[in-house]
Every structure is written in C-alpha cells, then in structure tokens.
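A look at the structure
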Amino acid sequence: MDWKAFLAETEGHINQFAKDVPATMKGFAQMGTAAKTNGALSEKTKEFIALGIATSTRCDSCIGFHVRSLVRLGATLDELNEVLAMTSYMGGGPSITYSAKAREAFEQFSAG
C-alpha cells in the first residue's frame, strides 16, 4: 500500500465531510487537541496508545494517521515494534496482520 497516497485520499474525503458537518468536525478537532496535550503522559505515548487501538480495531486510516504522527514525534522502529508486539499479543492473528501494515507505514513515512 502507498500510505502517503492513501492518507492524502482519505484526508480529501474527510475534508469534504467536514464541509457537510463543520460543527462535528470542529468538536472532534478540539477533542483531539485536548487528548494529545502533554500531561502525565507525553503526546508520543498517547499516539502509541492510539496506534494500539487502531491496529486492534483494524482501521487502516487510523494506523496511517497515528504512525505518521509517531514519525513526526521521533518514534523509533524498536519502540513501534514493541507496541505492535503487545497489540498482537492482546489481539491475536488479526492484530498481527494490522501490525504488519503499521510497520510498513512506519517505513514509508520514515523515508520522507
């Protein structure tokens, strides 16, 4: 999968949807900003949690968004692999296949 192209297409669809429901999207954006703010947990830790949920729920676009954020936040492949190992342990076979997708996305977003 070309993760950059996939996210660009997804963002286009989301932007169109945002025009239809601007109040909903404004609220969602505010919630995301508040949830990701550094506090007892760093933004990077919170993004790892989100990635675990994304792989467990099998959400390709969520995987892309959170892996891209993790690359921006300086996550390492070793950190990513440990999170994906735990996700795989908790979610079994389906989580393993989506963990493999997340690793592929990490490689592509890390390449620049």
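As a starting point, this report considers the structure included with it.

The rules we used
- Residues numbered from 1 in each chain as written.
- Predicted model: local features only at pLDDT ≥ 70, side-chain atom pairs only at ≥ 80, totals over all residues.
- Heavy atoms only, no water.
- Helix = DSSP H or I, 4+ residues; strand = E, 2+ residues; numbered from the N terminus.
- Contact = heavy atoms within 4.5 Å.
- Patch = residues over 30% accessible without salt bridge, like charges linked within 9 Å, V, L, I, M, F, W, Y side chains within 5 Å.
- Areas by Shrake-Rupley, 256 points an atom, 1.4 Å probe, with all protein chains shown as cover.
- Salt bridge = Lys/Arg side-chain N within 4 Å of Asp/Glu carboxyl O.
- Expected span 1.5 Å × (residues − 1).
- Buried < 20%, exposed > 50% of the residue type's maximum accessible area, 1.4 Å probe, protein only.

So, on to the environment of Met25. Mapping Met25 onto the fold places it in helix H2 (residues 22-36). For Met25, the residues in contact, after removing those within four places along its chain, are Ile14, Phe17 and Ala18.

Quick look at a nonpolar patch on the surface now. Together, Leu41, Ile49 and Ile53 give the surface a local cluster of nonpolar side chains, amounting to about 270 Å² of exposed area. You can see Ile53 is positioned in helix H3 (residues 43-57).

All right, on to H3 then. Think of an α-helix as 3.6 residues a turn; residues three or four steps apart then line up on the same face. The end-to-end C-alpha separation of H3 is 21 Å, in line with the 21 Å expected for 15 residues at 1.5 Å each. Residues of H3 that are buried: Glu43, Glu47, Phe48, Ala50, Leu51, Gly52, Ala54 and Thr55. Packing partners of the buried residues in H3 comprise H2, helix H4 (60-72) and helix H5 (77-110).

Read these as spatial facts, not as claims about activity.
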